[in-house]
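Here is how the chains run, residue by residue.
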Amino acid sequence: MSKIIRIGTRDSQLAMWQAKTVQSQLEHLGHKTVLVPVKSTGDLVLDKPLYELGITGIFTKTLDIAMLNGSIDIAVHSLKDVPTVLPKGIVQAAVLKRGNINDTLVFKDNEEFLSARDAIIATGSLRRRAQWLNRYPTHTIVGLRGNVNSRLEKLETNEDWNGAIFAGAGLGRLGITPENSINLSWMIPAPAQGAVMVTALESDEQTREILSEINDEVTQICTSIEREFLNRLEGGCTAPIGAICYINKEEEVNFKGVLLSKDGSKKIEVTKVVPLGKHEEVAEFCADYIIGKGGKVLIDELTQGDKITNIYSTKKLTNDQVAKFHDAVVAQSNDAIKINPNRLNKSIIRNEIENVIITSQNAVEALLTNFSAPELQFKNIYCVGRKTKRMVEKRIGKVKHFEQYAKDLANYMVEYMDGTEVTYFCSNLRLDTIPDILEENNIKVNEIEAYETKFDAEKVEGELDGVMFYSPSTVQSFLKQNKANGIAFCIGETTATEAKKYYKDVRVAKVPLVESVVELVNKFYEQ
């Protein structure tokens, strides 16, 4: 090749080492090269951790622009810093043989702090932070930015710090690995950590052909699997996602991946081993496994970042329920009420009770806390709600009749119930609907408070688009701490009746299920 290959690189010491390594290999093949150092945004902004800058590819963006502008022919990157989707017109042309994959802990006097309750560890990586806190939840993590040398200096000068975490490859390549350091073999590295990648223009076939000569196939296979895993989890290089892949002597592809919450309290891991040549679907399988184990919720929490909550649920939602929300929803949930079963006297069930009303699963639990199922001699059981009916029939006995709403059940009983007396196992905060309708029609109601409903709502900061309610008591509890702003998304008509006392816009789910209330919320954001 007659022209000189212009090698674009960041001007940090480590980046220059990487670029010079590429330069050496190219010149060994007989090609002329020149280094073109370029300042990047990541080098210039040092007052915030990477994950707070909100930019993927922070160390590659400037070099990408320089290449597309024709200022350089190729760019050299630490592959772990490169977004999984490259800019249009730029392709991965080579990956050098991988170096040390491990994260390295550099500490001060000794390692005794690892067994201590309190310690301070420095890192600017969200992945390292999350994994450290997962293993040492009582330790404190502080931010650390800058080049390798400046970070080592900061560790030395901060008396309160016990240690700092570095990429082992960076320390080794600069020949400055301190004696007081250990590899963190338990910490899963960033996808493609320890690998150097070279990009070129897709249209520059001649340069790409030359770069293929310095490509290491094993490293390419392994890092490609790791990066596809990262891509499928929709995580940029700043997400707390770790992945490592290697090929053993038996020519098996071994993969391990991890996704964590920012604070390390939640962790989802996956491992997979397949023969080389049958590894095309490893990344997809492992990413799907992570997502299926609750990973989508963690990813949503990460991508939402500091977005303000716009929907609040007065019932703690499961991961699967949260995953069903529209992308525009930033949800927060907590139980607005607490249920405590009351102590019930044996005399209540001494004789068979002809007619019984049970309107919630809480009442079922309260009865079975006090009595065994055989003791509950109920001739005719009337229920509100399909789930309550199923629970009664599974744990107590056959249900005579059920309706989805209290009003409908009361009206049915007025028309068809045998006898003129009924026992109603209810909460201390029950509505008047059933007793009023029955007593107006000369049916005596014996009320027994089977359980106590306590208000336990939290105060929600900021303006909400809407609140999800599941019972009249959740409405009452929430409004003890908050104002009635936005839309009331209700699970049923009884809840809606209570919400209408305070909210101008009240919407009711078609089916009394939490998932139906989620659908109701989603329709609002699809308008």
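Residues numbered from 1 in each chain as written. Predicted model: local features only at pLDDT ≥ 70, side-chain atom pairs only at ≥ 80, totals over all residues. Heavy atoms only, no water.

Novice: Explain the packing of aromatic side chains to me, and be specific about the residues and the numbers.
Specialist: One pass over the full model with this rule turns up 11 aromatic pairs. Ring centres of Y136 and W186 lie 6.3 Å apart, and the angle between their planes is 75 degrees; this geometry places the pair in the edge-to-face category. Placement of Y136 in the loop between α5 (126–135) and β7 (140–142) and of W186 in the loop between β9 (181–184) and β10 (196–201) is noted, with a sequence separation of 50 residues between them. On the basis of relative accessible area, Y136 is assigned to the buried category, the value being 16%. Ring centres 5.8 Å apart and planes at 75 degrees place the aromatic pair F469 and F478 in the edge-to-face group. Overall, F478 belongs to the buried group, its relative accessible area being 1%. Pairwise contacts between aromatic rings join Y312, F469, F478 and Y503 into one cluster. The side chain of R135 reaches across the aromatic face of W186, ending 4.4 Å from its centre. (Phe/Tyr/Trp six-rings, centres within 6.5 Å; stacked < 30°, edge-to-face > 60°. Helix = DSSP H or I, 4+ residues; strand = E, 2+ residues; numbered from the N terminus. Buried < 20%, exposed > 50% of the residue type's maximum accessible area, 1.4 Å probe, protein only. Lys NZ or Arg CZ within 6 Å of the ring centre and 35° of its normal.)

Novice: If you had to explain the layout of surface pockets to someone new, which residues and values would you point to?
Specialist: There is about 1,300 Å³ of room inside the largest pocket. The wall of the largest pocket is formed by 44 residues, among which T359, S360, N362, Y470 and S471 lie closest to the centre. It is helix α13 (residues 386–395) that provides the largest number of residues to the lining of the largest pocket, a total of 4 residues. Residue composition of the lining of the largest pocket, by class: 18 nonpolar, 18 polar and 8 charged. (1 Å grid on protein atoms, 1.4 Å probe; cavity = no way out; pocket = protein on both sides within 12 Å on 5 of 7 lines; lining within 4 Å. Points joined across faces, edges and corners; volume = space filled by probe spheres on them. Nonpolar A, V, L, I, M, F, W, Y, C, P; charged D, E, K, R; others polar.)

Novice: Quick one: what's the story with a negative patch on the surface, residue by residue and with numbers?
Specialist: Together, E280, E281, E284 and D288 make up a region of like negative charge exposed at the surface. Mapped onto the secondary structure, E280 falls in the loop between β13 (267–275) and α10 (282–304). (Patch = residues over 30% accessible without salt bridge, like charges linked within 9 Å, V, L, I, M, F, W, Y side chains within 5 Å. Areas by Shrake-Rupley, 256 points an atom, 1.4 Å probe, with all protein chains shown as cover. Salt bridge = Lys/Arg side-chain N within 4 Å of Asp/Glu carboxyl O. Lys, Arg positive; Asp, Glu negative; His and termini not counted. Charge placed at Lys NZ, Arg CZ, Asp CG, Glu CD.)

Novice: Go over unusual backbone geometry, please, and point to the residues and values.
Specialist: Even without a glycine there, the phi angle at A192 is positive, about 70 degrees. Of note, A192 is situated in the loop between β9 and β10. Positive phi, close to 60 degrees, is recorded for E251, a residue that is not glycine. Checked against the element boundaries, E251 lands in the loop between β11 (241–247) and β12 (252–260).

Novice: Account for the packing of helix α14 (residues 406–416) against helix α15 (residues 433–440), naming residues and giving values.
Specialist: At their nearest, the axes of α14 and α15 sit 9 Å apart, and the two run at 20 degrees to each other. Here α15 runs roughly parallel to α14, going by the angle between their axes. For α14 against α15, the interelement crossing comes out right-handed. In contact with A406, K407, A410, N411, M413 and V414 of α14, α15 contributes T433, I434, I437 and L438. Residue composition of the contact of α14 with α15, by class: 7 nonpolar, 2 polar and 1 charged. (Axes fitted to C-alpha atoms, helices over the stretch in contact; angles between N-to-C directions. Parallel < 35°, antiparallel > 145°, perpendicular 65-115°, else oblique. Left-handed = near helix turned anticlockwise from the far one by under 90°. Contact = heavy atoms within 4.5 Å.)

Novice: Requested: an account of the confidence of the model for the chain, with residues and values cited.
Specialist: Caution applies to low-pLDDT parts of the model: their predicted coordinates are not meant to be read in detail. Here the chain averages 90 in pLDDT, while 94% of its residues score no lower than 70. Low confidence marks residues 41–46, where pLDDT is under 50. Its contacts with residues over four positions away, or in another chain, come to 13 contacts. With pLDDT under 50 throughout, residues 50–56 is counted as low confidence; its partners more than four residues away or in other chains account for 16 contacts. (pLDDT = per-residue confidence, 0-100.)

Novice: I'd like a description of the sheet that holds β12, backed by residues and values.
Specialist: Here we have 3 strands laid out as an open sheet, ordered β11-β12-β13, and antiparallel in their pairing. Edge positions in the sheet fall to β11 and β13, since each has one partner strand and no second. Going across the sheet, the axis of each strand differs from the next one's by a mean of 10 degrees, ignoring polarity. Its contacts with the sheet put α5 on β11, β12 and β13, and the angle it makes with β12 is roughly 85 degrees. (Pairing = 2+ DSSP bridges.)

Novice: Tell me what's going on with the pattern of salt bridges, and back it up with residues and numbers.
Specialist: In the structure shown here, the tally under the stated rule is 17 salt bridges. Put simply, R127 and D103 hold a salt bridge, and the shortest N to O gap is 2.8 Å. Note that R127 is positioned in helix α5 and D103 in strand β5 (residues 103–107), a separation of 24 residues in sequence. Given the relative accessible area of 4%, R127 is considered buried.

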